[in-house]
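Structure at a glance
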Amino acid sequence: MKKGIPASKGYAIGSVLIKRESKINVKKRYVKDVDKEEKRFQKALDLSRKQLEKIKIKSEREMGRDKAEVFESHIMLLKDEEFTGAVKVRIKTDHINAEVALYEVVNSYMKIFNSMKDEYIKERGADVKDVGDRIFANLTGRGSFLNKIKNDKVVIVAHDLTPSDTAQLDKSKISAFVTDIGGRTSHSAIMARTLEIPAVVGTMNITDLVKDGDIVIVDGVEGNVIINPDENTIKEYKSKIKVYNMEIEKLRPLRDVETITKSGRKVKVLANIGKPQDVEQVLKNGGEGIGLFRTEFLYMNRGDMPPEEEQFEAYKYVVEKMGNKPVVIRTLDIGGDKKLSYLLLPEEMNPFLGYRAIRLCLDREDIFKPQLRAMLRASAFGNLKIMFPMISSVKEFLQAKNVLRQCMEELEEEKLEFNRNLGTGIMIEVPSAALEAAELSKYVDFFSIGTNDLIQYTLAADRMNEKVSYLYDPMHPAVLKLIKNTIDAAHRRGKPCAMCGEMAGDENSIPILVKYGLDEFSMSASSMLKAKQIIMEN
Ligand code: PEP
Ligand code: MG
């Protein structure tokens, strides 16, 4: 048995699929048998086409026809003789390997597209790159490890899962995951709770202990992984699964009950989401709103920034689905561990303290403004509020509001509708903001405490590092003082204070948060019913 950190509750028994870190060399090679090389290229083209057809059908079903159009254009490009022919000619005449031939052709296309003024044509350049990357991945066998999943669900074992890996996880194919590194508030753990799949992180070396096809039991309650268990242990866990599922069912009736504390105070239980489709789970579990929409996932697993129109559709979908319930959308919180493959940022010594979140957005209005415009436009369709991450001073918030005001003026000129009075708030996740909450409360409509970061910054304990996870303590008196200070400051100005860090759904922390007078608890949809029960008992 291997011990790790319990990251997402539940139990799973299944066969292992390991995510291998592959670094493949793509040096130019002399190729003697050019026909064989051409066939290898054709095989990668065929595979890419099959994948794209599948993705197209899936996105048509989940996001609508217009969203799926981009995949149709990718398929067309695979069929384009001029494009694929150019690669084949290079293989034949220069006797070079397909990867390099492809790379050269894609680059020459990109150069032409990038030199165009027309934005639409420029975007086609990104399509060529995207398709090129896919063919490349299929040539080198570097396709997503998730493509290897056949029929039965698997348990993913990985050194680490990046946020873009987790954005691709599909609950119908994965029963659990286990990683070497990470803590309870790393993004893979948060995603596991959103998807409601058990997970154990921070095992240090699980990837050395198992191989593909091994049977493991993942105990997301205790944080244990049992490798190749005997019959009796499997039996024992099968009955644990039964009991666990029964307990979840027992909580169901709480779904539509108002959350009132013992002292008679009404509080709200809301959900954190990362993708528009997550709304379904929120409604199923009786969420009273969305307390945090982490928009960075809309920016991942693609070749370029999502355009304003596409973001607008995503935000509109969520606010409409939620009816009149509040939806707090957070502006892009990229940086730290969340990277975008197409946004090249310099390597930093301390990425979590570096050029990230609001700092990056204020510096890059070309990224910030389309997102704010999309949010504003969606605000005409529901109860949307905007939240800025990583605010560390009043000045930063006022700068962000200023950009928002400019976007409002632009939309007014363009006669596009939006809610001029929409609420704007900030995350309190930097100690300086928590200490200065009284000053900040003058300007904002609401606070939302981001304990995942607040704890790591206050205690100087990296939230991703399992070696210091013993220091990462939500109940540390210093953390509690900052939380109390923030809630009190908001209340003195008659403003609400929410919490959207994982602490809001932590069973041990809820009683003290109720005592401090927290107004809104926002968490993974899977934690909401249990949290409601505990709030009502306190
Ligand atoms: C937080 O820091 O608490 C938070 C909710 O944001 P994220 O986990 O996305 O950093
Ligand atoms: Mg944060």
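This structure is a prediction, so every number in the text was calculated from the model and none was measured.

Those protein atoms acting as donors to the magnesium ion (ligand 2) are Glu429 (OE) and Asp453 (OD), and they sit at 2.0 to 2.1 Å. A residue pair is termed long-range when its members are at least 10 positions apart, and Glu429 in the loop between strand S13 (424-428) and helix H15 (431-435) and Asp453 in helix H17 (residues 451-459) qualify at 24 residues. An identical accessibility class is assigned to Glu429 and Asp453; each is buried.

Another aspect to go through is the pattern of salt bridges. This structure, assessed with the given rule, holds 30 salt bridges. A salt bridge links Glu507 to Lys9; the nearest nitrogen and oxygen atoms lie 2.7 Å apart. With Glu507 in the loop between strand S15 (497-499) and helix H19 (510-516) and Lys9 in the loop between strand S2 (5-8) and strand S3 (11-19), this pair connects stretches of sequence that are 498 residues apart. Among the salt bridges present, the one from Asp366 reaches Arg364, with a minimum N-O distance of 2.9 Å. For Arg364, a relative accessible area of 27% gives the class partly exposed.

The strand order across the open sheet formed by 8 strands is S1-S8-S7-S3-S4-S5-S6-S2, and the pairing between neighbours is mixed. Edge positions in the open sheet fall to strand S1 (2-3) and S2, since each of these has one partner strand only. Helix H7 (residues 187-195) contacts S2, strand S5 (174-179) and strand S6 (199-201) of the sheet and is inclined by roughly 50° relative to S2. Contacts between helix H9 (residues 231-251) and the sheet are confined to S3, strand S7 (215-219) and strand S8 (224-227), with S3 contributing the most and set at about 115° to the helix.

Now for the UniProt feature "domain: PEP-utilising enzyme C-terminal" (unreviewed entry) in the chain. Using the residue numbers shown here, the UniProt feature "domain: PEP-utilising enzyme C-terminal" (unreviewed entry) corresponds to residues 252-536. For residues 252-536, helix accounts for 39% and strand for 14%, while the C-alpha atoms at its two ends are 15 Å apart.

Each value, and the rule that gives it
- All residue numbers here refer to positions counted from 1 along the written sequence of the relevant chain.
- Here the convention is simple: chains get letters from A, ligands get numbers from 1, in the order in which they are written.
- Two thresholds apply to this predicted model, a pLDDT of at least 70 for residue-level local features and 80 or more for giving and counting side-chain atom pairs, whereas whole-chain, interface and lining totals are computed over all residues.
- Hydrogens and water are ignored here; the side-chain numbers use all heavy atoms of the structure.
- Only nitrogen, oxygen and sulfur atoms count as donors, using a 2.8 Å cut-off from the metal that widens to 3.2 Å for Na, K and Ca. Water is left out, so coordination shells may look unfilled.
- Strands are runs of DSSP state E lasting at least 2 residues, helices are runs of H or I lasting at least 4, and numbering of each runs from the N terminus.
- Buried residues are those whose accessible area, probed at 1.4 Å on protein chains only, stays under 20% of the maximum for their type, while exposed residues exceed 50% and partly exposed ones sit between those limits.
- Here, a salt bridge means any side-chain nitrogen of Lys or Arg that lies within 4 Å of a carboxyl oxygen of Asp or Glu.
- Any two strands between which DSSP finds at least two bridges are classified as paired.
- Residues count as neighbours in contact if any of their non-hydrogen atoms are within 4.5 Å of one another.
- What counts as an axis is a line fitted to C-alpha atoms, over the stretch in contact for a helix, and the angles between N-to-C directions run from 0 to 180 degrees.
- UniProt positions are given in the numbering used here, feature names are shortened, and annotations may be inferred rather than shown by experiment.

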